[in-house]
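# Reading the structure
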Amino acid sequence: MASQQNYTDLLPNDVLCMVFDRLDFENVKNASLTCKKWNDIIFHSAYINRFYIEFSIFGTGGSAKQLLWKAKQLAHTDRRYHNINILLFQMENAFPKIWEAIELSQVSNLRNLSIYFMQGQLTELLPLIINTIPSMPQLRSLVVQDDLNVRYSSYKRIEQENIPSIRSKSLQELTMHCKYRYTIDMPELQTFAGALCALLPPDGANTEPLILTKMKNLEVKVWSWQPTDRSIFRRMPNLVKINWDIPVEADLFVAMCETCPSLIEARFFKELTPSSRSALNHLSKLTQLRRLSFSDILVEDVFMDLSKLSHLEELGLGNTHLLPISLLSLGKSIRKLGIHINPCNELSLIEIIVRNLTQLTELHLACYSAPISSSVLRALPTLEHLEVLGFSHCHFKKSNFLKMNAPMQRLRTLQFRRCEVETKQLLGLQDKFPNLKNTEFEECGIGDEPEENQYRGPHHWMAEVAKQLNVPLVQNTYPNLYC
């Protein structure tokens, strides 16, 4: 009798990959043992991008000795992983040998490398990695995180004998959330998150600084270790997105406006201190801007003329004390607005909003330790297109929404952030928001619920990182497909 044909051999590799995608990681590992073809597809093709090799002393990672054994085994396998996560927790003595073993077999194929330091010595360990980066021809993304040192001032300052240059001809995304000092030489860089001064040319450089023509996204999330002059933005002429997570100096703000005409999004999560009110006039040069937000502009009675920002769709002003007349300069493109209201300006602001900005689909109001005004609530139903309504730092009683004199038919989401709310069982929600789908309370004080401990110290952060990485405290669910 003729043997039956194995029709799975006729399936294209793309179809097999779709089948493997429906398996959990343990069953994919079992599938790799079925036959050579399946093993080759899973571990020797682009499908291996699904997997990370993780080195961590937490969770199922084991001891430093076990991690060293695991790393050495990599040198004896023909699998070439594209993604590696390393979490260092007091592993200074073991890491050099672990990295040496990884370097022997994996770096030539590596595309994504993430390293998380938790009480580790960057000055001793990071240079090992920096020296290896030029020999990683396929590396696209590098993440170095040392959040404890960045977030908490009690951790000692990093001492360095020299400032190395991180060199790569292939790296496209770089995150350096650490106090380690460095410069970069990366012609393909598209996204950078770290200290702004790292983009300055190395001290004593004799050549013209590299123009980062492909750089599109910038996130300033670490304080600079040296003064940063206005010329730095000339290295990034094609920026389209910038997030600023430290206080912004006025001269750098002006330089950004003058040098980055292609900006589509600019967000400032810490305060901006303009040297004068006229500094804000430079925003008019960012004519392509679509999303703009500030945490706080430290000037009393801010006036902003945004009439030239004809593409602006989203404006958030945080705790900024805005002159109501500024809203008259907003065009019909605006869809999302966030402003600070107080008893002195709320009537003028709300009147302009309901008369001139009826196209709004999202509105966020910050009261800052004040009760929400009945006049504001009564005016809101005029915004017939509103789908999201948010309140922050406001005080709400159980019956506040009963004061609204008409329903808001399109509203889908009602948000409360850092508000003091008498109860989550607010009266009138069904009548006033008949199509409401989501009611969200974020970091709110709820009168009829016990307060939670809001302290967020180093150990709290370590637990957060552990949860994100699935290492300590929770079941490690990262795929460990080494066998």
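Cut-offs used in this document
- Residues numbered from 1 in each chain as written.
- Predicted model: local features only at pLDDT ≥ 70, side-chain atom pairs only at ≥ 80, totals over all residues.
- Heavy atoms only, no water.
- Helix = DSSP H or I, 4+ residues; strand = E, 2+ residues; numbered from the N terminus.
- Buried < 20%, exposed > 50% of the residue type's maximum accessible area, 1.4 Å probe, protein only.
- Salt bridge = Lys/Arg side-chain N within 4 Å of Asp/Glu carboxyl O.
- Contact = heavy atoms within 4.5 Å.
- Arc of directions from axis to C-beta.
- Axes fitted to C-alpha atoms, helices over the stretch in contact; angles between N-to-C directions.
- Parallel < 35°, antiparallel > 145°, perpendicular 65-115°, else oblique.
- Left-handed = near helix turned anticlockwise from the far one by under 90°.
- Nonpolar A, V, L, I, M, F, W, Y, C, P; charged D, E, K, R; others polar.
- Polar contact = N/O pair within 3.5 Å; in protein donor to acceptor, adjacent residues only side chain to side chain.
- Disulfide = S-S within 2.5 Å.
- Core = buried A, V, L, I, M, F, W, Y, C linked by side-chain atoms within 4.5 Å.
- pLDDT = per-residue confidence, 0-100.
- Phe/Tyr/Trp six-rings, centres within 6.5 Å; stacked < 30°, edge-to-face > 60°.

Trans peptide bonds make up most of the peptide bonds, and negative phi angles are found at most residues other than glycine. Residue Arg-418 is not a glycine yet carries a positive backbone phi of 55 degrees. You can see Arg-418 is positioned in the loop between strand S17 (413-417) and strand S18 (420-421). For Arg-418, a relative accessible area of 39% corresponds to the partly exposed category. For Glu-443, which is not glycine, the phi torsion reads 55 degrees and is therefore positive. Turning to its location among the elements, Glu-443 is positioned in the loop between strand S19 (438-442) and strand S20 (445-446).

Within this structure, the stated rule accounts for 13 salt bridges. For the salt bridge of Arg-355 with Glu-351, the shortest nitrogen-to-oxygen distance reads 3.3 Å. Placement of the pair is Arg-355 and Glu-351 together in helix H9 (residues 346-356), with a separation of 4 residues, close to one helical turn. Looking at Arg-355, the relative accessible area reads 62%, which means it is exposed. The partly exposed category is assigned to Glu-351, whose relative accessible area is 37%. In this structure, Arg-417 and Glu-442 form a salt bridge, with 3.7 Å as the shortest nitrogen-oxygen distance.

A separate point is the environment of Leu-11. Residue position: Leu-11 is located in the segment before helix H1 (13-21). When sequence neighbours within four positions are dropped, the list of residues in contact with Leu-11 reads Leu-16 and Lys-37.

In this section: H1. Listing the buried residues of H1 in full gives Leu-16, Cys-17 and Phe-20. Considered in projection along H1, the buried side chains sweep an arc of 105 degrees and stay on one side of the axis. Residues of H1 that are exposed and point more than 90 degrees away from the buried face comprise Asp-14 and Met-18.

Interhelical geometry of helix H5 (residues 95-105) versus helix H6 (residues 122-132) gives an angle of 15 degrees and a closest axis separation of 10 Å. Viewed along their axes, H5 and H6 adopt a mutual orientation that is roughly parallel. Both H5 and H6 take part in a crossing whose hand is right-handed. In this structure, H5 contributes Phe-95, Pro-96, Trp-99 and Glu-103 to the contact, and H6 contributes Leu-125, Leu-128, Ile-129 and Thr-132. Across the contact of H5 with H6, the residue classes break down as 6 nonpolar, 1 polar and 1 charged.

Time to look at the environment of Leu-88. Structurally, Leu-88 can be placed in strand S2 (residues 83-89). Here Leu-88 falls in the buried class, since its relative accessible area comes to 1%. C-alpha separation for the pair Leu-88 and Phe-117, spaced 29 residues apart in sequence, amounts to 4.9 Å. Aside from chain neighbours lying at most four places away, what touches Leu-88 is Phe-95, Ile-115, Tyr-116, Phe-117, Met-118 and Leu-125.

Attention now goes to the environment of Arg-410. Here Arg-410 is to be found in the loop between strand S16 (388-396) and S17. By relative accessible area, Arg-410 is classed as partly exposed at 42%. Separated by 24 residues in sequence, Arg-410 and Leu-386 have C-alpha atoms that sit 6.1 Å apart. Apart from residues lying up to four places away in sequence, Arg-410 is in contact with Glu-384, His-385, Leu-386 and Glu-387. At 3.3 Å, the side chain of Arg-410 and the side chain of His-385 are in polar contact.

Overall, the coordinates contain 0 disulfides when judged by the stated rule. The cysteine Cys-257 is free of any disulfide, with Cys-260 supplying the nearest cysteine sulfur at 8.5 Å.

We now examine the nonpolar core. Core analysis: the largest hydrophobic core is formed by 140 residues, its most contacted members being Leu-113, Phe-233, Phe-253, Phe-391 and Phe-401. Not counting chain neighbours up to four residues away, the residues in contact with Phe-253 comprise Val-248, Phe-268, Leu-272, Ala-279, Leu-280, Leu-283 and Phe-294.

As a further point, take the confidence of the model for the protein. When the pLDDT values of the protein are averaged, the result is 83; 83% of them are 70 or greater. Note on residues 453-458: pLDDT under 50 across the span, and 7 contacts to partners over four residues away in sequence or across chains. Every residue in residues 471-483 is under pLDDT 50, and counting partners more than four places away or in other chains gives 46 contacts.

Attention now goes to the side chain of Thr-423. If you trace the backbone, Thr-423 turns up in the loop between S18 and helix H11 (429-432). Since its relative accessible area comes to 8%, Thr-423 is described here as buried. From its side chain, Thr-423 meets the backbone nitrogen of Gln-425 in a polar contact 3.1 Å long. Ignoring any residue separated from it by four or fewer positions in sequence, one finds Thr-423 in contact with Lys-398, Ile-446 and Asp-448.

Two aromatic rings are characterised by how far apart their centres lie and by the angle between their planes. Under the defined criterion, the tally for this structure stands at 14 aromatic pairs. Considering the side-chain rings of Phe-391 and Phe-416, the 6.0 Å spacing of their centres and the 20 degrees angle between planes classify their relative orientation as stacked. Residue Phe-391 is located in strand S16, and its partner Phe-416 is located in strand S17; the two are separated by 25 residues in the primary sequence. On the basis of relative accessible area, Phe-391 is assigned to the buried category, the value being 2%.

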